[in-house]
Number of protein chains: 2
Amino acid sequence: MEEKMSRCFAVIMAGGSGTRFWPESRKKNPKQLLNLFGGSKPLITQTLERLDGVVKQDDAIIVTGRIIRDGIRKALPGVPAGNILLEPVARNTAPCIGWAAVHVLKKDPAGVMAVLPADHHIADVGAFKKVVNTAIEAAGSGSIITVGINPSRPDTGYGYLRLGSEKSAGVREVEAFVEKPDASTAQKYLDAGNYAWNSGMFFFKAEKILAEIKTHMPDLHRGLMDIGAVAGTDEEAAVVEKVFPTLPEESIDYGIMEKASGICAVTGEFGWSDVGSWEAAWELAGKDDEGNSIQGECIVAGSKGCMLRSSSGKTVALVGLEDVVVVETGDALLVCRRTKSQDVKKVVNELKAQDRKDLL
Amino acid sequence: MEEKMSRCFAVIMAGGSGTRFWPESRKKNPKQLLNLFGGSKPLITQTLERLDGVVKQDDAIIVTGRIIRDGIRKALPGVPAGNILLEPVARNTAPCIGWAAVHVLKKDPAGVMAVLPADHHIADVGAFKKVVNTAIEAAGSGSIITVGINPSRPDTGYGYLRLGSEKSAGVREVEAFVEKPDASTAQKYLDAGNYAWNSGMFFFKAEKILAEIKTHMPDLHRGLMDIGAVAGTDEEAAVVEKVFPTLPEESIDYGIMEKASGICAVTGEFGWSDVGSWEAAWELAGKDDEGNSIQGECIVAGSKGCMLRSSSGKTVALVGLEDVVVVETGDALLVCRRTKSQDVKKVVNELKAQDRKDLL
């Protein structure tokens, strides 16, 4: 029996450059800094606020890119500047989490890390907190914990966890991490009942994940030890500048989770979405009786299932439309069939091909 | 046999306030001043240029509203200022044509008027000119001539002319003016073969139409005589200001054409359209292989049958769309299912209800 909960640090992975929400998302203003739902706050702000009462703002560590440092400071004014770790280059999640781990270890050798993507949506914060508390407790006992989402549909856009026996109350063994399935496989997973969506959220002690990195990714571990020796000092930036680009570019899933043994999962249902497209944003947004989500001055005539986001003050009229997304910014306008919103990346690719840095 | 063609005056009816092309068309910039087809000129400019070699610019009379006087001057720099008749209020086409007639009569007692809407599209100018010459000749002999379009489809959006026997080469008797039909009636007209679309273009001598007005609209005639007494003088504006609002608000079709006897028609096929909606503008516009008509900086991804008109310099992306019209101006944006573009008037009505003068 635990005497008290371990001290928990939030490690928020905020490196994404989010091209799927163009024209709102840009290199300097990626998805995690967007307010995708009317009246709410940037996704990264929501991510940290969800842990109120569990993690102190002083114990939040943000790993991100230099280009959005100012945006992060603005979105998270309560987080100390020294807790914002700026990657000189993006090297995927394993180096990102490893770097955060050496910081946590220095602050508290017994510290637990709650590793969270910056840009997910969670509808039921109460239910989420229950999962978090279970996960922190299990992680404090030395386990590596993933968070699984009980699937509500045969989604082909997520990776899955195959779950085994219960290890303790609410904590089940993970038998395997499985890739995004095709439609019929996804249906099988749903029918089988022992699969959960891999949410990309992890809980573990810093010392535990560093031990696993030492075993499975020794090159990464050596680089992290170099950084760890100067973590929190004036020398760190220079060492990171030199070492970070040499670290293996690898995800924590592939580099550690799929190789380590004894990984467990806490599962739940708390209205989770990774908000992967304008379509997903529409699904999560408040809508009128016609299924329209309108932000900005708008006249709607005979239209349904539409989303408008206009910040220009321009009057917009939607006439006779069904399932269309309109997003207007100062320099760009997207008009997109809602169900084709994953193709926004084609627009971004075309802008890259045209070297349109002004629009990226 | 005519010794020479009568002197022909163009009377261009440019009073329309065109709400169907919002957000481009506004009270101060109605349809007749728009360039609806890439690379071309305003519709009213095209209307007059089509008569090159038939009507001198000095013999063009424009009847319009005061609010667009400057726009008309700019679109028709070759037309003398004194030939632009500014209605203090719109009273439909009979007073408009009557006022022009008293001006023509003063310039040439034998003058023929070619009365033309300012905002139609004609694809085959050569074929149109042949019709015009036939119509001028017949009008010079004292006939009232309407121009009929041989119908290519059972259109329910136009009035029809029922045609009788041939009176002279290319000139047929008009047995009746018939209202816009329903779909099955339109099909009957098409099958019958002796119906033509009423184009709204008329040819007659000024003295002839004034005589018909005297017979069928004596109130209008009295008012026109008051104006005619001072036409072309400094006093005219004041007399018009007083008299014009008292004239009967009536169309030339209802007030004269449907009542006078001996009306004839010259018919033809010259790619005529009254360009009644964004849909019609799309039909007439140049399009790429996917049926898209694009004006402005645009990235098109998997879209077809669309029209974009953007003048802001903004980059527009059209993703996964079919048959959508996007029109962007400095202060407004329309996104409309192409086949619902007649519903743009609902938007304008809503703006009127909101008293949004800035957008009307």
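Residues numbered from 1 in each chain as written. Chains lettered and ligands numbered in written order. Predicted model: local features only at pLDDT ≥ 70, side-chain atom pairs only at ≥ 80, totals over all residues. Heavy atoms only, no water.

Caption draft 1: Just the overall build of chain A, in detail. The helix and strand inventory of chain A stands at eleven helices and 17 strands. Against the compact-globule benchmark of 21 Å for 360 residues, chain A has a radius of gyration of 21 Å, which places it among compact chains. Reported as C-alpha extents along the three principal axes, the dimensions of chain A are approximately 60 × 50 × 35 Å. Relative to its full complement of 360 residues, chain A shows a buried share of 54%. Put simply, of all contacts in chain A between residues at least 6 apart along the chain, 66% involve residues at least 24 apart. Carbon together with sulfur atoms contributes 47% to the accessible area of chain A, which is approximately 15100 Å² in total. Here chain A contributes 43 positive and 48 negative side-chain charges, whose respective centroids are spaced 3 Å apart. (Helix = DSSP H or I, 4+ residues; strand = E, 2+ residues; numbered from the N terminus. Rg over C-alpha atoms; globule rule 2.2 N^0.38 Å. Buried < 20%, exposed > 50% of the residue type's maximum accessible area, 1.4 Å probe, protein only. Contact = heavy atoms within 4.5 Å. Areas by Shrake-Rupley, 256 points an atom, 1.4 Å probe, with all protein chains shown as cover. Lys, Arg positive; Asp, Glu negative; His and termini not counted. Charge placed at Lys NZ, Arg CZ, Asp CG, Glu CD.)

Caption draft 2: Structural context of the interface of chain A and chain B. Tallying the contact residues gives 33 residues for chain A and 33 residues for chain B. Carbon and sulfur atoms supply 65% of the area that chain A and chain B bury against each other, a total of about 2600 Å² over both sides. For the pair chain A and chain B, the number of links is four salt bridges. Its salt-bridge partner being Glu297 of chain B, residue Arg356 of chain A comes within 2.4 Å of it at the nearest N-O pair. At the junction of chain A and chain B, the tally comes to 20 residue pairs in polar contact (both at pLDDT 80 or more). For the side of chain A that touches chain B, the secondary structure elements donating two or more residues are strand 15 (315-319), strand 16 (324-328), strand 17 (332-337) and helix 11 (344-353) of chain A. A per-class count over the side of chain A that touches chain B returns 18 nonpolar, five polar and ten charged. Relative to strand 17 (residues 332-337) of chain B, strand 15 of chain A runs parallel, the two being bridged by five bridges. In the strand pairing of strand 17 of chain B, Leu318 of chain A is matched with Val335 of chain B. (Buried area = accessible area lost by both parts, 1.4 Å probe. Salt bridge = Lys/Arg side-chain N within 4 Å of Asp/Glu carboxyl O. Polar contact = N/O pair within 3.5 Å; in protein donor to acceptor, adjacent residues only side chain to side chain. Nonpolar A, V, L, I, M, F, W, Y, C, P; charged D, E, K, R; others polar. Pairing = 2+ DSSP bridges.)

Caption draft 3: Just the pairing of strand 13 (residues 298-301) of chain B, in detail. All names here are of chain B. Only one face of strand 13 is buried, namely the one carrying Ile299 and Ala301, since none of Cys298 and Val300 on the opposite face is buried. Of the pairings in the sheet, the one linking strand 13 to strand 15 (residues 315-319) comprises four bridges and is parallel in character. What sits directly across from Ala301, in strand 15, is Val319.

Caption draft 4: Seen up close, the sheet that holds strand 13 (residues 298-301) of chain A. With mixed pairing, six strands are arranged side by side in an open sheet as 13(A)-15(A)-17(B)-16(B)-14(B)-12(B). Strand pairing shows two members of the sheet lacking a second neighbour, strand 13 of chain A together with strand 12 (293-295) of chain B, which therefore form its edges. Neighbour to neighbour, the strand axes of the sheet diverge by 5° on average, direction disregarded. Relative to strand 14 (residues 307-310) of chain B, strand 12 of chain B runs parallel, the two sharing three bridges. Paired with Gln295 of chain B across the two strands is Arg309 of chain B, which belongs to strand 14 of chain B. (Axes fitted to C-alpha atoms, helices over the stretch in contact; angles between N-to-C directions.)

Caption draft 5: View of unusual backbone geometry. Trp22 of chain A connects to Pro23 of chain A through a cis peptide bond whose omega is 10°. Within the element layout of this structure, Pro23 of chain A appears in the loop between strand 1 (8-14) and helix 1 (43-49). Here Val275 of chain B, not a glycine, exhibits a phi torsion of approximately 45°, which is positive. Counting through the fold element by element, Val275 of chain B comes out in the loop between strand 11 (272-273) and helix 10 (278-284). Backbone geometry places Asp323 of chain B, a non-glycine residue, at a positive phi of 55°. Tracing the sequence through the fold places Asp323 of chain B in the loop between strand 15 and strand 16 (324-328). Using a relative accessible area of 23% as the deciding quantity, one classes Asp323 of chain B as partly exposed.

Caption draft 6: Molecular detail of the nonpolar core. Residues and elements named next belong to chain B. Core analysis: the largest hydrophobic core is formed by 49 residues, its most contacted members being Ile44, Ile62, Ile72, Ile145, Phe203 and Phe270. Sort the elements by how many residues they give to this core and helix 4 (residues 125-140) lands first, with eight residues. Ignoring sequence-local partners within four residues, the contact set of Ile62 consists of Ile12, Ala14, Ile44, Ile72, Leu76, Val79, Asn83, Ile84 and Leu85. (Core = buried A, V, L, I, M, F, W, Y, C linked by side-chain atoms within 4.5 Å.)

Caption draft 7: Expanded view of the sheet that holds strand 12 (residues 293-295) of chain A. Reading across from one edge, 12(A)-14(A)-16(A)-17(A)-15(B)-13(B) is the order of the six strands in this open sheet, with mixed pairing throughout. Pairing within the sheet leaves two strands with one partner each, and these edge strands are strand 12 of chain A together with strand 13 of chain B. Each strand of the sheet is rotated relative to its neighbour by a mean of 5°, with strand direction disregarded.

Caption draft 8: Up close: the relation of the copies chain A and chain B. When chain A is brought onto chain B, the operation consists of a screw motion whose angular component is 180° and whose axial shift is 0.0 Å, with 0.1 Å RMSD remaining. As the rotation angle and translation indicate, the two copies are arranged about a two-fold axis. For chain A, the smallest separation between a C-alpha atom and the rotation axis is recorded for Val335 of chain A, amounting to 4.0 Å. Comparing contact sets, 100% of the residues at the interface of chain A also lie at the interface in chain B, consistent with an isologous, same-surface contact. (Least-squares fit on C-alpha atoms with pLDDT ≥ 70 in both.)

Caption draft 9: Broad picture of the packing of aromatic side chains. Summed over all chains, the structure comprises 16 aromatic pairs over all chains. Between Phe21 of chain B and Trp278 of chain B, the ring centres sit 4.9 Å apart and the planes meet at 75°, which makes this aromatic pair edge-to-face. Of this pair, Phe21 of chain B sits in the loop between strand 1 (8-14) and helix 1 (43-49) while Trp278 of chain B sits in helix 10, and the two are 257 residues apart along the sequence. Judged on exposure class, the residue Phe21 of chain B and its partner Trp278 of chain B are both buried. Considering the side-chain rings of Trp99 of chain B and Phe244 of chain B, the 5.4 Å spacing of their centres and the 55° angle between planes classify their relative orientation as tilted. In this pair, Trp99 of chain B sits in helix 3 (residues 93-107) while Phe244 of chain B sits in the loop between helix 8 (236-243) and helix 9 (252-257), placing the two residues 145 residues apart along the sequence. Here Trp99 of chain B and Phe244 of chain B have matching classes, each one buried. Three or more aromatic residues joined by ring pairs make a cluster, and in this case those are Tyr158, Trp197 and Trp272 of chain A. (Phe/Tyr/Trp six-rings, centres within 6.5 Å; stacked < 30°, edge-to-face > 60°.)

Caption draft 10: Focus on helix 3 of chain B. All names here are of chain B. Counted at 1.5 Å a residue, the expected span for helix 3 with its 15 residues is 21 Å, and the 21 Å between its end C-alpha atoms agrees. Of all 15 residues making up helix 3, eleven are buried, and the element is well covered by its neighbours. For helix 3, every residue scored as buried is listed here: Ala94, Pro95, Cys96, Ile97, Gly98, Trp99, Ala100, Ala101, Val102, His103 and Val104. (Expected span 1.5 Å × (residues − 1).)

Caption draft 11: A look at the packing of helix 6 (residues 206-216) of chain B against helix 7 (residues 218-228) of chain B. Residues and elements named next belong to chain B. For the pair helix 6 and helix 7, the least separation of the axes is 5 Å and the interaxial angle reads 130°. When the axes of helix 6 and helix 7 are compared, the pair comes out oblique. Counting all contacts with helix 6, which are made through Leu210, Ile213, Lys214, Thr215 and His216, the residues of helix 7 involved are Pro218, Leu220, His221, Leu224 and Met225. Of the residues contributing to the contact of helix 6 with helix 7, the split by class is six nonpolar, three polar and one charged. (Parallel < 35°, antiparallel > 145°, perpendicular 65-115°, else oblique.)

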